[in-house]
Structures are given as C-alpha cells and as structure tokens.
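# Inside the fold
Each chain is listed here by its residues.
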Amino acid sequence: MFGILPALHENQTLYSWCGLTHALNGAVCARTTSTRLFGAPYAALCHDFPSRLNLLERSTRGVLGSTRDIALRNTLLGYYLAIVRRSRAEQIIGLLRTGTIRHLKMLLGITASRVGGHHPLKGCERCCADDEASRGWAYWHVEHQLPSVLVCLKHRCPLFIAWDPVTPVHRRHWLLPRLEHRYMRAEIPVPSDASMERLLRLAADSARLMTLPPASLEPEQLTRGYQRLLQNAGLATRNGNLRTARIVALVRDRYRGLDDLPGLAPLKAIDDQWPGLAASLSRRSARPGHPLKHLLLIAAISDSWDQFFEACMPAAPVREIAAPTVAQAVTAANRLDRFKELVTVHGKSLAAASHALGVSRTTGTLWAKKLKIAYTSRGRPVAERKAAKIRRQLKKGDSISHIATTAGVSMTTIYRIVGTDPEISERRRADAFSRQREIARRTFAALCRTQSDQSLKSIRSRPGNSYAWLYRNDHQWLASQLAEQGRVSSRSR
Ligand SMILES: [Zn+2]
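Residues numbered from 1 in each chain as written. Predicted model: local features only at pLDDT ≥ 70, side-chain atom pairs only at ≥ 80, totals over all residues. Heavy atoms only, no water.

### Some points on the overall build of the chain
A count of helices and strands for the chain gives 28 helices and 5 strands. Here the chain holds 493 residues, and the buried ones make up 49% of them. Nonlocal contacts in the chain, meaning residues at least 24 apart in sequence, comprise 67% of its contacts between residues at least 6 apart. Within the structure as shown, the chain displays about 23400 Å² of accessible surface, and the carbon and sulfur contribution to it stands at 53%. (Helix = DSSP H or I, 4+ residues; strand = E, 2+ residues; numbered from the N terminus. Buried < 20%, exposed > 50% of the residue type's maximum accessible area, 1.4 Å probe, protein only. Contact = heavy atoms within 4.5 Å. Areas by Shrake-Rupley, 256 points an atom, 1.4 Å probe, with all protein chains shown as cover.)

Have a look at this one:
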C-alpha cells in the first residue's frame, strides 16, 4: 500500500492518477510503481485502456471504487462499450479485471477500423489551471482523450496535444500536463467559428456516448435511429433504401477543412469509405463500427444527440413514423402534442406514453408538468422507494455514476434529484470540500515529512504538492504547518 493515495476524480484518467500517485510517493522507478499497483511493470503506463484491475483493487484496498466504475469512467472504455453488444461488453469488462489488454483493441474492432488505435494525450489549458486552483494539481480529463474530442466543452476552446516521439509501450515515465519537458505541446488549430461549432457538437455527443452504460446502443438500435432520421431528412426511402450520394455529400460538406486537423487525421483515412460506411452503419445487420464514425454521421443527420438517441429507442409504431407528416414528427412541439393526446385522450399512463414516444419516464413526468396535465402516477410507490434510496446514497457520499448504475437510472436523473434538494446538494458540496482538504493536508504533510531536507520551493515544484490549493482554501492550517517546520511561507503564485 502506498503512503499517499490521492482521490480518483470522476473526470480524471486512471493513467493521470497513477502518475500522480508515483510522484506524490516520491517513487523513482515507474516500473516499480506500476508493479506495485498492477503486478506488472507497464500496466500503469498505458493511457487509454486499463488492465489487471483486480490487482489494482487489492493494492489500493478498494478505496478507488469498483473496478467496473473505474474501467468505464476513468479510461476510454465506456466510450467504446456503449455501442457493442451486451455479451461482448461483459466479456471485455471481465477480461480487464484479470487479464491484459493485448486483444482488447481487436475485440473492440479498433484494429480493423482504419480510424486507428493511437490515442494521443490531449488537454485543455484552462481546465489545467482550474484543476490546479480547485484540486491542487492538473490532470488529463477522460472526455478530452476521446478520439472525437478536439475542443473543450466547458471552455469552448481547442485542446492541446501532448506529442511524445516515444510510443506508450516504450515510455519509462508518465506524461502529465505540467511535466511539459516530457512532450511537445501543440494546440489543435481550429480553422473557423463554424468549425468550432461542429467540433463542439462532436465533443458534446462524445461525452454523452461515454456516459451511457455498456451496450446502451446495440447495432439494431443504432440502425433504427439512422433509418428514422435518414427517412425524416429525405435521405432514405420509406423502404429503407439510402440515398447514398446525398448522404456522402452532406458529411463531406459538414467536415470540410477539418480533416487536416492533427487529431482528426482519421477523417481523411475514412473519406473514401463514406458511401459504404453510411450504408453499413445503418444496415440492419450492422457491425459495431468505430464510435468516431458513428458520431460524425450522427452529427451530420440530426439536430441533437437527444434527437438521435430517442430515434434509436423503440417508440411509436412504424406506421406513425412512415405517415405523411413524418418530416415534422420528431419536432419537440409535435412530440409534446402527441404525448398530451396519448395521456388525456387515450388515457395512457405517463409511463406508457413516455415509452410510446421513446423518452424516459422522467422526461414524461417533466412533460406532464409542463403541459399541466393532472396525473396519478402509477407505480409511484416503486419510484418513491427508489428515490428515497437514491437520496440515502447521495447523503452517504456515493459517486453519481455508482448510484446511477445501482439504481438503473441515468446520471441526469440523479443530478436532478441533487439539484432539487438543497440539503443534499449543500451536504455533497461540503463533503467534497472536506475530502479535498483532507487529501491536500495529508499530501502536503507527507511531502514535508519525506522531503524534510528539501526547500519549500523544491517541494512546491513536485506535481500535485497541494500547496497552491491549501494557500487559497486552508491558509491557517498551512501557516501553522510551515511555522511548525520552521519554513517561511511563500506566495502561491
Ligand atoms: Zn477546459
């Protein structure tokens, strides 16, 4: 067990965490740290997919959370598993607990996809600065590492790529955002506002895809979504025959000028494949395909991720989709009207009406409120029990993704419960702060103890030393610590 085990944040890559753990414990040899964490010398240096998670769980005594959550949330895996078949997804998750990642890229279809399995590390300068201010150190965010993400959604700015001539398998150290001497930094040159908007849409959709539970969009569901949207847009006939030339023109036009971007080289690689690709992605017996290809096509033919996602769900009977008014069928106002009609005219329950329109029960309830439909909620006792359990878990401090998984609801639902309960949101905020303070104090104290012969300046140069965070948020404690050790305080920046 390591003396210092930093927290693993929801948006942090496991790779970053390993690098930070290595640095905080003053370890010298990366292979030794990796072996201590995973029982293998290079497992911790792989920055996209995890392996040997059972050994990590043992070496950290499970304090990081469930291995499944770590694999899905803190590595690129969730992004890929959202669109594979359930049996395959479970097989892969099982492999990661005990095995290695040798065959993983093949199992995920990455090797055969021409998009490529190289995932250069990417970061947002402003996120790095925010993280240093709020947590004490900068780290790689998982959502920035997704192959289809080149811009930061939060700051609406381009990401930078950390180029390293050495391939990951030959590295003997971690690349971390603030260890800039170890890589060549290159900002992604977004050519125009219009391009920026398109990249923001890709980034937003990618983040949504990543948070879906495994096998949320199996090939048949994707096919259903494509067929409906393509028919609505007049890009497919009612029989499902694609107007391929028009689809290809649409996609090429949308991403014109973006295929030269360093991170989007795959776009060029698949350019000549679009005719076959559009057909194969929307075919009934579709193979999973690389998420990047799906996301490029989805953004080209839909107004929003929600529109696509809802089109994938079993919803209105086919004849309604194929009706003459189909072009307007998916507009929000229309769906609200249809929803109202189902409940008030046909006497359907909210659950049944929501199901018929392919939206979640929560969305249905929100619509009912918006439409001022008086309803008696069937199945309310179950919903109440579930909500009460979720509140208990929230008060206990369980992670949002863990609660969503165990309760079988979306993270949005959990966030909504947090947002509507001031007591819970305040308690979670306070909990997060005190946890952060505890980590920062322990981290800094341990560094001062183990580096007692080093100057404060030298301690502050270590990644994740927590000094800046303590200076801003826990100044009194910091001052007393420094006084105790006979060190002189220095300004945080
Ligand atoms: Zn950012």
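Picking up after the structure, the text goes on.
### Re helix α28 (residues 475-484)
Burial in α28 covers these residues: Trp477, Leu478, Gln481 and Leu482. Taken down its axis, α28 places every buried residue within 130 degrees of arc, on the same side. The exposed residues of α28 that point more than 90 degrees off its buried face are Gln476, Ala483 and Glu484. Positive backbone phi, approximately 70 degrees, marks Gly486, located one or two places after α28. (Arc of directions from axis to C-beta.)

### Examining the coordination of the zinc ion
For the zinc ion, every protein donor is listed as Cys124 (SG), Cys127 (SG), Cys152 (SG) and His155 (ND1), and the spread of their distances is 2.1 to 2.3 Å. Considering all 4 donor atoms around the zinc ion, the spread of angles at the metal, 103 to 114 degrees, places the coordination shape in the tetrahedral class. Here the donor residues of the zinc ion share one chain and are spaced in sequence as C-x2-C-x24-C-x2-H. Relative accessible area serves as the criterion here: at 4%, Cys127 is assigned to the buried category. (Donors = N, O, S within 2.8 Å, 3.2 Å for Na, K, Ca; no water. Tetrahedral: all angles 85-135°; square planar, octahedral: opposite > 155°, others 65-115°.)

### Focus on the nonpolar core
Of all hydrophobic cores here, the largest spans 94 residues; its most connected members are Leu14, Leu56, Leu77, Leu81, Leu108, Leu217 and Phe308. The element contributing the most residues to this core is helix α15 (residues 291-301), with 8 residues. Here this core spans two domains, and each of domain 1 (14-187) and domain 2 (217-321) adds at least three residues to it. Beyond its immediate chain neighbours, meaning those up to four positions away, Leu108 contacts Phe49, Leu77, Tyr80, Leu81, Val84 and Ile92. Counting 13 residues, the second-largest nonpolar core is a separate cluster that includes Cys448, Tyr467, Tyr471 and Leu482. (Core = buried A, V, L, I, M, F, W, Y, C linked by side-chain atoms within 4.5 Å. Domains from an automatic or database assignment.)

### What to know about the pattern of salt bridges
Scanning the model with the defined rule gives 15 salt bridges in all. For the salt bridge of Glu220 with Arg85, the shortest nitrogen-to-oxygen distance reads 3.0 Å. Taken as a pair, Glu220 in helix α11 (residues 219-232) and Arg85 in the loop between α5 (77-81) and α6 (86-98) lie far apart in primary sequence, 135 residues in all. One salt-bridge network, held together by shared partners, links Glu125, Glu132, Arg178, Glu180 and Arg185. (Salt bridge = Lys/Arg side-chain N within 4 Å of Asp/Glu carboxyl O.)

### What about the packing of aromatic side chains?
Across all of its chains, the model carries 11 aromatic pairs by this definition. Ring plane angle 5 degrees and centroid distance 6.4 Å describe the contact between Phe160 and Tyr183, whose orientation is recorded as stacked. Residue Phe160 is located in strand β4 (residues 160-163), and its partner Tyr183 is located in the loop between β4 and β5 (184-187); the two are separated by 23 residues in the primary sequence. Joined through ring pairs, the aromatic side chains of Tyr226, Trp305, Phe308 and Phe309 make up one cluster. Just above the ring of Phe2 sits the side chain of Arg36; from NZ or CZ to the centre is 4.0 Å. (Phe/Tyr/Trp six-rings, centres within 6.5 Å; stacked < 30°, edge-to-face > 60°. Lys NZ or Arg CZ within 6 Å of the ring centre and 35° of its normal.)

### Structural notes on helix α1 (residues 14-24)
Of all 11 residues making up α1, 11 are buried, and the element is well covered by its neighbours. Looking only at α1, the buried set comprises Leu14, Tyr15, Ser16, Trp17, Cys18, Gly19, Leu20, Thr21, His22, Ala23 and Leu24. At the C-terminal side of α1, Gly26 shows a positive phi close to 65 degrees.

### Description of the side chain of Thr13
Tracing the backbone shows Thr13 in the segment before α1. A relative accessible area of 4% places Thr13 in the buried class. In this structure Thr13 touches Leu8, Asn74, Trp140, His141, Val142 and Gln145, once residues within four positions along its chain are discounted.

### Some thoughts on the sheet that holds β5
Here 3 strands make up an open sheet; going across it, the order is β1-β4-β5 and the pairing antiparallel. With one partner strand each, in any of the chains shown, β1 (121-123) and β5 form the two edges of the open sheet. The mean inter-strand angle of the sheet, taken between neighbouring strand axes irrespective of direction, is 30 degrees. The pairing of β1 with β4 spans 3 bridges and is classified as antiparallel. Among the inter-strand pairings, Gly123 is bridged to a residue of β4, identified as Phe160. (Pairing = 2+ DSSP bridges. Axes fitted to C-alpha atoms, helices over the stretch in contact; angles between N-to-C directions.)

### Details of the confidence of the model for the chain
For the chain, mean pLDDT is 81; residues scoring 70 or higher make up 82% of the total. Here helix α17 (residues 318-321) is the element of the chain with the lowest mean pLDDT, 35, and helix α9 (residues 142-145) is the one with the highest, 96. The low-confidence segment residues 316-330, where pLDDT is below 50, has 16 contacts with residues more than four positions distant or belonging to other chains. (pLDDT = per-residue confidence, 0-100.)

### Examining empty space enclosed by the protein
In total, this model carries 1 cavity of 30 Å³ or more according to the counting rule given. Along the walls of the largest cavity sit 17 residues, with Leu14, Tyr15, Cys46, Phe49 and Thr75 positioned nearest its centre. A breakdown of the residues in the lining of the largest cavity according to their chemical character gives 10 nonpolar, 6 polar and 1 charged. (1 Å grid on protein atoms, 1.4 Å probe; cavity = no way out; pocket = protein on both sides within 12 Å on 5 of 7 lines; lining within 4 Å. Points joined across faces, edges and corners; volume = space filled by probe spheres on them. Nonpolar A, V, L, I, M, F, W, Y, C, P; charged D, E, K, R; others polar.)

### Description of the packing of α11 against α15
For any two helices packed against each other, the geometry is given by the interaxial angle and the distance between the axes. Across the interface, α11 lies against α15 with an axial gap of 10 Å and an inter-helix angle of 30 degrees. The angle between α11 and α15 falls in the class roughly parallel. In this structure, the crossing between α11 and α15 has a hand that is left-handed. Between α11, through Leu222, Tyr226, Leu229 and Leu230, and α15, the contact on the second element is made entirely by His294, Leu297, Ile298 and Ile301. Grouping the constituent residues of the contact of α11 with α15 by class yields 7 nonpolar, 1 polar and no charged. (Parallel < 35°, antiparallel > 145°, perpendicular 65-115°, else oblique. Left-handed = near helix turned anticlockwise from the far one by under 90°.)

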